Amino acid sequence: MFEQAFKQIDDILWKEAGCTTELDYTEQTSWLLFLKYLDGLEQDRAAEAELEGKRYDFVLDKPYRWDSWAAPKDRSGKVDHNKAKTGPDLTEFVNTKLFPYLQQFKEKASSPNTIEYKIGEIFGEIKNRISSGYNLREIIDVIDTLRFRSQAEKHELSHLYEAKIKNMGNAGRNGGEYYTPRPLIRAIIQVVEPKIGERIYDGAVGSAGFLCEAFDYLKNSKKPGLTIKDMETLQERTFYGKEKKSLAYVIAIMNMILHGINTPNIVHTNTLSENLADIQDKDRFHVVLANPPFGGKERQEVQQNFPIRSGETAFLFLQHFIKTLKAGGRAGIVIKNTFLSNTDNAAKSLRKLLLETCNLHTVLDCPSGTFQGAGVKTVVLFFQKGAPTRKIWFYQLDPGRSLGKTTPLNDDDLAEFVRLQKTFADSPKSWTFDLATIDKDTFDLSVKNPNGGEVVVHRSPEDILDEITALDAEGAEVLKSIRRLL
């Protein structure tokens, strides 16, 4: 049912001139799904309060609730189309009344962790791109049939939403920033091993893939099952994130909600605008899991917030993550593999900082094609803060095939890495590097596999061809979008 509903919505959005890509489809679906979810949440809370003989104060005033403007019901429980707004009346209400009303919640909220604040943030940053009130009515009618009150329903819907995020990531560079392959995330989490009671953080949260997968991991980590206190801890005091981009912020909130985290602790902000000197112990976390954007550039005033100044966004994020870890805290961070060998002063200083203040115990070298359309090779850095690095265990991931859209990374590809990492075992794909032999001037980590593997660092011709192919695909997508408008 959910899959067919999403297809219907996409087919309707295809008719809209303001919705030309998968990014637009996901954005518009997200704000409508959020309001449908909010209606269900409010109805559940009202029912619970009634059973306890209490009064429930609704977050939204009556005219702005889903069952008032979007889907008023008749006595049989079906949408009453005599009362439901449609056509120009519907778009006028949404654009001139609903969105302005929801935007004001940010100012009224008591803290950023409240549902009121999330409402204000979401509707302050996106806009309704569905210009036809008749198309909007069709979409609302489809979304109104969706139910995600039970865990089974949320689970199914979350998988479909993840598929939309993945398609969005394949639609172009901007979307690709939001999607990290879930098998890679699951492997990273298995190595870092977060525990219930620890605070987990992603300062470049994107679509919240790391936090959602960590939630699923922790839900299944305790036998025979979680206590009420455990669930309360997971819901309220475990997952934290920051996201700069408006669309990613909305998607992150919706993705976490569908995975079962009712009020996500996600803040809409530029993480790098925070001065490292201002971070105190109360701001630190036990676990950091992230895939920060790389290749981006930050303004000079942002770079002033960091002791090691660099125009490379990922280098600034890595400093932020080191600083935000508690003593003894663990991290799994995705970064471009050129970080291991870049010869600029910032890269050398950052490698020195990482090796001297943290135990960089594991480096996972990922093959080309791991990130579809990205055109770069990456590594995953696993480290623990508080003790210097003595030895690093390298693993060169080789799935035995070229990775691509039809042959993506899967959990089986990473099973050997997760298994061997537990004991830092040597194999044809893995080896240990003793830091006593490192060049103290460059701190170069581009070490060769002594068992015959390739150098960890330099881009291969395949990488370059992959990037050209990705750019060609992006150009074709733009042309397709233009043709739709003609």
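Reading guide: rules and limits
- Residues numbered from 1 in each chain as written.
- Predicted model: local features only at pLDDT ≥ 70, side-chain atom pairs only at ≥ 80, totals over all residues.
- Heavy atoms only, no water.
- Axes fitted to C-alpha atoms, helices over the stretch in contact; angles between N-to-C directions.
- Helix = DSSP H or I, 4+ residues; strand = E, 2+ residues; numbered from the N terminus.
- Parallel < 35°, antiparallel > 145°, perpendicular 65-115°, else oblique.
- Left-handed = near helix turned anticlockwise from the far one by under 90°.
- Contact = heavy atoms within 4.5 Å.
- Nonpolar A, V, L, I, M, F, W, Y, C, P; charged D, E, K, R; others polar.
- 1 Å grid on protein atoms, 1.4 Å probe; cavity = no way out; pocket = protein on both sides within 12 Å on 5 of 7 lines; lining within 4 Å.
- Points joined across faces, edges and corners; volume = space filled by probe spheres on them.
- Core = buried A, V, L, I, M, F, W, Y, C linked by side-chain atoms within 4.5 Å.
- Buried < 20%, exposed > 50% of the residue type's maximum accessible area, 1.4 Å probe, protein only.
- Phe/Tyr/Trp six-rings, centres within 6.5 Å; stacked < 30°, edge-to-face > 60°.
- Lys NZ or Arg CZ within 6 Å of the ring centre and 35° of its normal.

**Student:** Give a description of the packing of helix α2 (residues 22–51) against helix α6 (residues 115–125) that names residues and reports values.
**Tutor:** Their axes nearest at 12 Å, the elements α2 and α6 cross at an angle of 160 degrees. By the angle between their directions, the pair α2 and α6 is classed as roughly antiparallel. For the pair α2 and α6, the sense of crossing is left-handed. Where α2 approaches α6, its residues W31, F34, L35 and L38 are matched on the opposing element by I115, I119, I122 and F123. Of the residues that constitute the contact of α2 with α6, the class distribution is eight nonpolar, no polar and no charged.

**Student:** Give me the lowdown on empty space enclosed by the protein, citing residues and values where you can.
**Tutor:** Throughout the structure, instances matching the rule amount to two cavities of 30 Å³ or more. Volume-wise, the second largest cavity comes out at about 80 Å³. Residue assignment for the lining of the second largest cavity shows that the elements contributing at least two residues are α2 and α3 (66–69). Broken down by element, the lining of the second largest cavity gets its largest block of residues, five residues, from α2.

**Student:** Requested: an account of the nonpolar core, with residues and values cited.
**Tutor:** Counting 99 residues, the largest nonpolar core has F34, W69, I119, L184, F239 and L364 as its most contacted members. Each residue touching I119, except ones within four places of it in the same chain, is listed here: F34, L38, V59, L60, L102 and F105. Membership of the second largest hydrophobic core comes to 45 residues, among which are F315, L316, L325 and I333.

**Student:** With reference to specific residues and values, describe the packing of aromatic side chains.
**Tutor:** Under the defined criterion, the tally for this structure stands at 23 aromatic pairs. Summarising the aromatic geometry, the rings of Y64 and F93 are spaced 6.0 Å apart at their centres and angled 20 degrees between planes, so their arrangement reads as stacked. With Y64 in the loop between α2 and α3 and F93 in helix α4 (residues 87–103), this pair connects stretches of sequence that are 29 residues apart. What makes F93 buried here is its relative accessible area of 7%. Members of the aromatic cluster, connected to one another through ring pairs, are Y64, W66, W69, F93, Y101 and F105. Positioned above the aromatic ring of F58 is the side chain of R65, whose terminal nitrogen or guanidinium carbon lies 3.9 Å from the ring centre. The ring centre of F105 lies 4.4 Å from the NZ or CZ of K108, which sits over that ring.

**Student:** Go over the packing of α2 against helix α7 (residues 133–144), please, and point to the residues and values.
**Tutor:** Between α2 and α7, the least distance of the axes is 10 Å, while the angle of their chain directions is 50 degrees. It follows from the interaxial angle that α2 and α7 lie oblique. Where α2 crosses over α7, the two elements pack in a sense that is right-handed. Of the residues in α7, those in contact with T29, L32, L33 and K36 of α2 are L136, I139, I140, I143 and D144. A class-by-class count of the residues in the contact of α2 with α7 yields six nonpolar, one polar and two charged.

Scope: geometric values only; no functional claims are made or implied.
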